[in-house]
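# Observations on chain architecture
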Amino acid sequence: MSHTVLVCDDAIFMRTMISDILTQSGFEVIGEAETGVQAIEKYKQLRPDLVTMDIVMPDMGGIDAVREITKLDGNAKILMCSAMGQQALVVEAIQAGAKDFVVKPFQPSRVLEAVQRVLG
Amino acid sequence: MDLAKYAELFLTESREHLSVLNDQLLALEREPTAAEPVGAIFRAVHTVKGMSATMGYRAVTELAHELESVLDRVRREQQTITPALMDALFTAADALEAAIEASVQGRGDDVDVATPVERLKAFAAASRGAGAPAAGTPARATPARGAAATAPAAPAPPAVARGSGAGRGVLVRVRLVAGTTLRGARAFLVVKKAETLGTVVAVVPPLEALQAEAFDRDFALRLDTTLPADEVIGALRSVGDVETVSVESPRTGGAAVAGGRGAGGTGAPAGAGAATGGGARAPARAPRHVRIDLRRLDTLMNLVGELVITRGRLQQLVASTGDGALEEVVSQASRLIGELQDEIMLSRMVPVGHVFDRFPRLVRDAAKALGKEITFEVRGSDIELDRSMLDEIGDPIVHLLRNAIDHGIEPPDARVAAGKPPSGTLTLSVARERSTVTLRVADDGRGIDRVRVLQKAKEQGLVDAGKTELTDDEISRVIARPGFSTAERVTDLSGRGVGIDVVMNRVRAMGGAVEIRSRQGQGTAVTVRLPLTLAIVRALLARVHDEVYAVPLAHVTETVELAPRAVKQVQGREVMVLRDDVLPLIRFRELVRLNAPPSGPGQVIVLEVGDRRAALVVDELTGQQEIVVKQFDPVRDGLALFSGATILPDGAPALIVDVGSLI
């Protein structure tokens, strides 16, 4: 059975890109969220195996969403998607409960490695 | 938000490459056999392809790839440059630009790259048909890990001082993979993982320094654990981006880790010592440039502006205390603020070439579309101008260029018939004159058709029906009227009646002036004069009744007392005789519709814009001051008397007189 993924990013092309990378490697993207609030709702509803989470999103950012999701589910596996220069935010996200991170621009192989580490 | 920042970086870099692309395409068109432009174009396109691939901008990548393939064949001499290929390349370059701009906004799929791609492919097929073995397989872009290039070659192992919890636990050395992005966060993950294995006694460099990325790729931690070394290594290596992990027992480690740089220890302040590494091995990689968000420079400029205002107030206050020592300190602080202001202003200056480099391409396309031959030259593109100013002036200059191409320069046959060479000349020259920059767009075309302008002006009731001739100044004023156009038909380029008036308004809003000189049959030159910066100007402060107004000194030639006998009436209008000149007299009180009678004879400020002058009457001159301009939005229609406002040293606001609109 393939792992299920919830992709959270406010940019459509980013979500598309991440979904493509994951789908092509046999993951099942079962939901997308554009905001932190949506991410939490979708997590409750879908209980995915993995969440990819953008840091900066409108209507509650990724870090707060990580905090809330981790409260809901201590075992939630969240992979942060960050850009260069977001070091402090990534550290904060890890403290909030994120398991790993990938840095944009994405290389599919690195995204998949990170996903494997988080699920591993 | 931060994605946007990244996209912006991508956009900025791509634009630079697009500029190179266009320049080099023009060079190639001029000299189709030259090798250098082909190489430069290839590199530019290749870089764009790599960047867009990592960004996931497929349209950009696809088009860039196709361009790259064609150029590769040209480079290998499997393809010759023909006018048709040049056109295809130019079209593709345009599409690439559109795709980049659209992609960055997340609309990459909206741009039609298929058409230009097919066109390029057709050339490939043709050249392949000619027997050339083309490497046409669409290469998947394999983007390089950019950061790797900046990693130092041979980092020394980190030194752990004796004091950093030596004796307890094992010493774990970790080396990250070269080029790891966000290695601070990665190191943090490693430490966090280590915490699941036992107690982390110390981290070197300290955690704060790690998070601030104040290390190369090596760090160490002391871990109090009961787990065997292999398990520790295995667990930490699973974190990702970890190249090696080594574990030393306290006994062997004690000697091995001795020495070092005295930094470390959990109590060491973040970034100290270990942060930058010992002087001997610090690689010379000081960056010579940094990218700064323009908004940040604007903020700096605003702050220093406020500082300049505060300085004025401070100087005023200090002067009244008579405290010598205090005055000295204040004057020193004033000087420093002045230097700071200069430096910040300089940091905002960029060569006009940044914006003007795209014009040759624009002129070429416009000329081609109209079947005209034009030699275009940009002079002084290294002259620097305030960035915000440069962004503002781009469009007006484009407008002037288009006007010249559309209305000024004649078609080749008409030129030959007029005894001119078939190819017209268009020049954009930039020059610096003291505290102003002049930009001149000059052509050797037919010049402004004075007869037509006069006729049209009469039709629209802009001039006396009896008038038989217009001076340059009158022409400037007439064609600057909103909606005035003599063009018979609306072309793609201009003639929509939104012409020179838009240019004039924009320039005036920037505190500049426009001057038009035209000779029938010989050409037109439009000169735009701009202050060096928008933000801070020297101004004359003038009181009218109980209000103080600021008049930019750039437009003031002199001030004189108002002598009643110098005032005369000419055709029902007041003028002032100043030496041999007769200047129109403008009473400020009347402009601002003040009814109270003036308190004294008044002062005259002689204003000059281009070669037009006027005498402005105010109640009193109260001083000179550097003022920080807070700009108003340009007022559409109606008389805009003021271009902005400022805060005076005493804290009162003052309106800044728009001299250009007064005269």
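Everything in this summary refers to the structure shown in the same document. (Residues numbered from 1 in each chain as written. Chains lettered and ligands numbered in written order. Predicted model: local features only at pLDDT ≥ 70, side-chain atom pairs only at ≥ 80, totals over all residues. Heavy atoms only, no water.)

## Brief notes about the overall build of chain B
- Regarding its fold elements, chain B presents 20 helices and 23 strands.
- Split into buried and exposed, the 663 residues of chain B put 47% on the buried side.
- Residue pairs at least 24 apart in sequence account for 69% of intrachain contacts in chain B once pairs closer than 6 positions are excluded.
- With the model as given, the accessible surface of chain B reaches about 32800 Å², and the carbon-plus-sulfur share is 52%. (Helix = DSSP H or I, 4+ residues; strand = E, 2+ residues; numbered from the N terminus. Buried < 20%, exposed > 50% of the residue type's maximum accessible area, 1.4 Å probe, protein only. Contact = heavy atoms within 4.5 Å. Areas by Shrake-Rupley, 256 points an atom, 1.4 Å probe, with all protein chains shown as cover.)

## Topic: the overall build of chain A
- Tallying secondary structure elements over chain A gives 5 helices and 5 strands in all.
- Helices and strands appear in chain A in the N-to-C order β-α-β-α-β-α-β-α-β-α.
- Out of the 120 residues in chain A, the part that is buried amounts to 57%.
- Restricting the contact set of chain A to residue pairs at least 6 apart, pairs at least 24 apart contribute 63%.
- About 4800 Å² of surface is accessible on chain A, with carbon and sulfur atoms providing 50% of the total.

## Considerations on the packing of helix H2 (residues 36-46) of chain A against helix H3 (residues 62-72) of chain A
Residue and element names in this part refer to chain A.
- Here H2 crosses H3 at 20°, and the two axes come no closer than 9 Å. The angle between the axes of H2 and H3 places the two elements in the roughly parallel class. For the pair H2 and H3, the sense of crossing is right-handed. Residue-level inspection shows Gly36, Ala39, Ile40, Tyr43 and Lys44 of H2 in contact with H3, the latter providing Ala65, Glu68, Ile69 and Leu72. (Axes fitted to C-alpha atoms, helices over the stretch in contact; angles between N-to-C directions. Parallel < 35°, antiparallel > 145°, perpendicular 65-115°, else oblique. Left-handed = near helix turned anticlockwise from the far one by under 90°.)

## With respect to the packing of aromatic side chains
Residue and element names in this part refer to chain B.
- This structure, assessed with the given rule, holds 5 aromatic pairs over all chains.
- Ring centres 5.8 Å apart and planes at 85° place the aromatic pair Phe215 and Phe219 in the edge-to-face group.
- When its relative accessible area of 4% is taken as the criterion, Phe215 is described as buried.
- Phe219 gets classed as buried once you look at its relative accessible area, which sits at 0%. (Phe/Tyr/Trp six-rings, centres within 6.5 Å; stacked < 30°, edge-to-face > 60°.)

## Some points on the environment of Lys192(B)
- Counting through the fold element by element, Lys192(B) comes out in helix H6 (residues 183-195).
- Counting along the chain gives 44 residues from Lys192(B) to Leu236(B), while the straight-line C-alpha distance between them is 9.6 Å.

## A closer look at the pattern of salt bridges
- For the structure shown, the criterion picks out 36 salt bridges over all chains.
- For the salt bridge of Lys71(A) with Glu68(A), the shortest nitrogen-to-oxygen distance reads 3.4 Å. Of the two residues, Lys71(A) and Glu68(A) are both situated in helix H3; the distance of 3 residues between them amounts to about one turn of the helix.
- Taking the relative accessible area as the measure of exposure, Glu68(A) reaches 31% and is therefore partly exposed.
- For Asp619(B), the salt bridge is made with Arg589(B), and the minimal N-O distance between the two is 2.9 Å. Of this pair, Asp619(B) sits in the loop between strand E19 (612-618) and strand E20 (620-628) while Arg589(B) sits in helix H19 (residues 588-591), and the two are 30 residues apart along the sequence. Here the two residues Asp619(B) and Arg589(B) agree in accessibility, since each one is buried.
- Residues joined by salt bridges that share partners form a network here, namely Glu29(B), Asp87(B), Asp94(B), Arg361(B), Arg364(B), Asp365(B) and Lys368(B). (Salt bridge = Lys/Arg side-chain N within 4 Å of Asp/Glu carboxyl O.)

## What about the pairing of strand E1 (residues 170-176) of chain B?
Residue and element names in this part refer to chain B.
- Judged by how many residues are buried, E1 sits mostly within the fold: 6 of 7 residues are covered.
- Of the pairings in the sheet, the one linking E1 to strand E3 (residues 218-224) comprises 6 bridges and is antiparallel in character. Looking at E3, one finds that Val172 is bridged to Leu221.
- Pairing between E1 and strand E4 (residues 242-248): 6 bridges, direction antiparallel. Each residue of the ladder has a partner; that of Val172, found in E4, is Val247. (Pairing = 2+ DSSP bridges.)

## A word on the nonpolar core
- If you look at the biggest cluster of nonpolar residues, it comprises 51 residues, and the most contacted ones within it are Met53(A), Met80(A), Phe101(A), Val172(B), Phe219(B), Leu221(B) and Leu223(B).
- Counting residues per element, this core draws most heavily on H6(B), which supplies 7 residues.
- In this view, Phe101(A) contacts Leu79(A), Met80(A), Val90(A), Ile94(A), Ala114(A), Arg117(A), Thr181(B), Leu182(B), Ala185(B), Arg186(B) and Leu189(B); residues no more than four positions away in its chain are not counted. (Core = buried A, V, L, I, M, F, W, Y, C linked by side-chain atoms within 4.5 Å.)

## A look at the sheet that holds E3(B)
Residues and elements named next belong to chain B.
- Taken in spatial order, the 4 strands of this open sheet run E2-E3-E1-E4, and their pairing is antiparallel. Edge positions in the sheet fall to strand E2 (199-204) and E4, since each has one partner strand and no second. For this sheet the average axis-to-axis angle between neighbouring strands, irrespective of direction, equals 25°.
- Most of the contacts of H6 go to E3, to which it runs at about 15°, and overall it touches E1, E2, E3 and E4.
- The strands that helix H8 (residues 229-237) touches are E1, E3 and E4; relative to E4, the one it contacts most, it runs at about 155°.

## Notes on the side chain of Thr225(B)
All names here are of chain B.
- Its location among the elements puts Thr225 in the loop between E3 and H8.
- With a relative accessible area of 19%, Thr225 lands in the buried category.
- Of the polar contacts made by the side chain of Thr225, one reaches the backbone oxygen of Leu197; its length is 2.9 Å.
- A polar atom in the side chain of Thr225 sits 3.0 Å from the backbone nitrogen of Leu227.
- With sequence-adjacent residues up to four places away left out, Thr225 is seen in contact with Val170, Leu197, Gly198 and Val232. (Polar contact = N/O pair within 3.5 Å; in protein donor to acceptor, adjacent residues only side chain to side chain.)

## Points about the pairing of strand E23 (residues 653-657) of chain B
Residue and element names in this part refer to chain B.
- Across 2 bridges, the pairing between strand E13 (residues 547-552) and E23 is parallel. By the bridge assignment for E23, Ala550 is matched with Ile656.
- Across 5 bridges, the pairing between strand E22 (residues 642-647) and E23 is antiparallel. From the neighbouring strand, Thr646 faces E23, where its bridge partner is Ala654.
- Here E22 folds back onto E23, and the loop between the two strands holds 5 residues, one of which, Gly651, carries a positive phi near 95°.

## Concerning helix H11 (residues 324-347) of chain B
Residues and elements named next belong to chain B.
- Between its terminal C-alpha atoms H11 stretches 35 Å, which fits the 34 Å expected from 24 residues at 1.5 Å a residue.
- Along H11, the residues that are buried comprise Val330, Ser334, Ile337, Gly338, Gln341, Ile344 and Met345.
- Near the N-terminus of H11, the side chain that reaches the backbone nitrogen of Ala325, with its oxygen 3.2 Å away, is that of Asp323. (Expected span 1.5 Å × (residues − 1).)

## Structural notes on the side chain of Thr4(A)
Residues and elements named next belong to chain A.
- Tracing the backbone shows Thr4 in strand E1 (residues 4-8).
- Residue Thr4 is classed as buried on the basis of its relative accessible area, which comes to 13%.
- With residues up to four places along the chain from it excluded, the contact list for Thr4 reads Glu28, Ile30, Arg47, Pro48, Asp49 and Leu50.

## Notes on the sheet that holds strand E10 (residues 513-519) of chain B
All names here are of chain B.
- Pairing in this open sheet of 5 strands is mixed, and the strands run E6-E8-E9-E11-E10 from one edge to the other. The sheet is open, and its two edges are formed by strand E6 (374-379) and E10, each paired on a single side. Between one strand axis and the next, the sheet turns through 10° on average, direction left out of account.
- Here 7 bridges tie E10 to strand E11 (residues 523-531), and the two strands are oriented antiparallel to one another. From the neighbouring strand, Ala513 faces E11, where its bridge partner is Arg529.

From the geometry alone we can't say anything about function, so treat these as descriptive.
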